[in-house]
Amino acid sequence: MLRYFLCINLLMYVITAHAQVTFPSNEGERARYSAYIEMSRGYVSGVCILVNDEGIIKGCIFNEFGITALDFSYDPRRQKIHLYSVITMMDKWYIRRVLKKDLAQLMRCLQRSETSYQNVRRNISYLFTPIADEVTQ
Amino acid sequence: MKRYLLLLWTFMSIVSISAQTLNDAQIRQRVNQAAAAMKTMQCDFVQTKHLKMLNDDIVAHGKMYYQQSSKLRWEYTIPYAYVFVLNGDKVLLKNKQRNDVIDVNQNKMFREIARVMMSSVVGNCLLDDKTFKTTIATTNGEWIATLVPQRKDMRQMFQKIVLHFNQQRAVVNCVEMVEKSGDKTVINLKNIRTNETINAAIFSVH
């Protein structure tokens, strides 16, 4: 009996571990990451959510307290980022330009299951660690 | 008859307006008294962030500790580990990657976050007329205060902040922060304990 329960337990663990999506490649899938962006002047940390909506990846990054930093979408076919909104204190044309390029690179990395990207020229590093889905609900 | 009715209507309007004002003033006074009497507070919290664009919710859990007059520890435990400790002018930020101590006077964003969190939890932002325009409504067992930011830097972050007070204890039990984009964060405070000794190490920023 004990072995039987152990077996079920192990099976459930394998299933939930497998269910953790690292990139939402299929329609309706979603992925959640602990986001950490480090620059020479400081860093930004928070949570990033990605949702596949009819082949387009919609994303949002917000800090731990829930304040939204940016909303964006990524078209995997054209490999382009569209920024919908950026928090006022970061909403400058030159920041938007860097963010668009870096987020596109980061999305490509996440598609390959790589969780980090470094913009060497600007000395910005992005680390997006997947958050297990079952504990977020 | 018509004149009599008009007079009665005017009189009733004046009475109801005075009662409303008095009521608001009394509520503010009760909240202020409760805040002054609250030397410490500790609770669990559940934070639900609703993302309008993605139509998705993300739920985080944690613990909160407060000690009069300027000590606050806000600790997320699930699904991410993150600690925010405010002690006077210093803020400790602790995540998986690093620990940082920031002077709130040198960082505008953290100064605002620290101020909003502290005054929301204690409830004394009801008295801050310079920062917020406040309206108070009474429902079954709750006072609901809607705070609309008046200052530009606050308006950049929040459309409004709604505080739910437990009428019996005059203590906040829910905070809603609505952003300009329509995204909303709701923080429910649970298992609230007041005026119990809290270990000083909880508020250490070193």
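Up top you'll find the structure we're talking about.
Residues numbered from 1 in each chain as written. Chains lettered and ligands numbered in written order. Predicted model: local features only at pLDDT ≥ 70, side-chain atom pairs only at ≥ 80, totals over all residues. Heavy atoms only, no water.

Chemist: Whenever I open this one, the pairing of strand E8 (residues 142-149) of chain B confuses me. Can you help?
Modeler: Consecutive residues of a regular strand have side chains that alternate between opposite faces of the sheet. Residues and elements named next belong to chain B. Judged by how many residues are buried, E8 sits mostly within the fold: six of eight residues are covered. When strand E7 (residues 132-139) meets E8, the two strands line up antiparallel, connected through eight bridges. When the sheet's bridge partners are listed, Thr-135 is paired in E8 with Thr-146. What sits between the antiparallel neighbours E7 and E8 is a turn of two residues, in which Gly-141 has the positive phi angle 75 degrees. As defined by bridge partners, E8 adjoins strand E9 (residues 158-166) across six bridges and the pair is classed as antiparallel. Residue Glu-142 lies in a different strand from E9, and its bridge partner there is Asn-166. (Buried < 20%, exposed > 50% of the residue type's maximum accessible area, 1.4 Å probe, protein only. Helix = DSSP H or I, 4+ residues; strand = E, 2+ residues; numbered from the N terminus. Pairing = 2+ DSSP bridges.)

Chemist: Looking at this structure, I do not really get the interface of chain A and chain B. What am I missing?
Modeler: Interface extent is often summarised as the accessible area lost during association of the parts. Listed as interface residues are 29 residues of chain A and, on the opposing side, 32 residues of chain B. Buried area between chain A and chain B, both sides added, is near 2800 Å², and the carbon and sulfur share of it is 64%. It is Tyr43(A), Glu64(A) and Phe65(A) in chain A that bury the most area against chain B; as a group they hold 27% of the surface buried on that side. Summed over the shared surface of chain A and chain B, the number is three salt bridges. Counting across the chain A and chain B interface gives 14 residue pairs in polar contact (both at pLDDT 80 or more). (Contact = heavy atoms within 4.5 Å. Buried area = accessible area lost by both parts, 1.4 Å probe. Salt bridge = Lys/Arg side-chain N within 4 Å of Asp/Glu carboxyl O. Polar contact = N/O pair within 3.5 Å; in protein donor to acceptor, adjacent residues only side chain to side chain.)

Chemist: Where do I start with the packing of aromatic side chains in this structure?
Modeler: How two aromatic rings sit relative to each other is given by the distance of their centres and the angle of their planes. All chains considered together, the criterion is met by 11 aromatic pairs over all chains. Their ring planes at 90 degrees and their centres at 5.6 Å tell us that Trp93(A) and Tyr94(A) sit as a pair that is edge-to-face. The exposure class of Trp93(A) is exposed, given its relative accessible area of 60%. Taken together through their ring pairs, the aromatic side chains of Phe65(A), Phe45(B), Trp74(B), Tyr76(B), Tyr80(B), Tyr82(B) and Phe84(B) make up a single cluster. Looking at Lys49(B), its charged tip hangs above the ring of Phe62(A), at a distance of 5.3 Å from the centre. (Phe/Tyr/Trp six-rings, centres within 6.5 Å; stacked < 30°, edge-to-face > 60°. Lys NZ or Arg CZ within 6 Å of the ring centre and 35° of its normal.)

Chemist: So what exactly am I meant to see when it comes to the side chain of Asp75(A) here?
Modeler: Residues and elements named next belong to chain A. On the secondary structure map, Asp-75 appears in strand E4 (residues 68-75). Engagement of the side chain of Asp-75 in a polar contact is seen with the backbone nitrogen of Arg-77, the distance being 3.0 Å. Setting aside its immediate chain neighbours within four residues, Asp-75 contacts Ile-56 and Lys-80.

Chemist: Help me understand the sheet that holds strand E2 (residues 56-67) of chain B in this model?
Modeler: Strand pairing in a sheet takes place through backbone hydrogen bonds and is either antiparallel or parallel in direction. Residue and element names in this part refer to chain B. Pairing is antiparallel across the open sheet formed by 11 strands, whose spatial order is E6-E5-E4-E3-E2-E1-E11-E10-E9-E8-E7. Two strands close off the open sheet at either side, each with one partner strand: strand E6 (99-103) and E7. Taken over all neighbouring pairs, the strand axes of this sheet differ in orientation by 20 degrees on average, direction set aside. As defined by bridge partners, strand E1 (residues 40-51) adjoins strand E11 (residues 184-194) across nine bridges and the pair is classed as antiparallel. Within the sheet, the bridge partner assigned to Lys-49 lies in E11 and is Thr-185. (Axes fitted to C-alpha atoms, helices over the stretch in contact; angles between N-to-C directions.)

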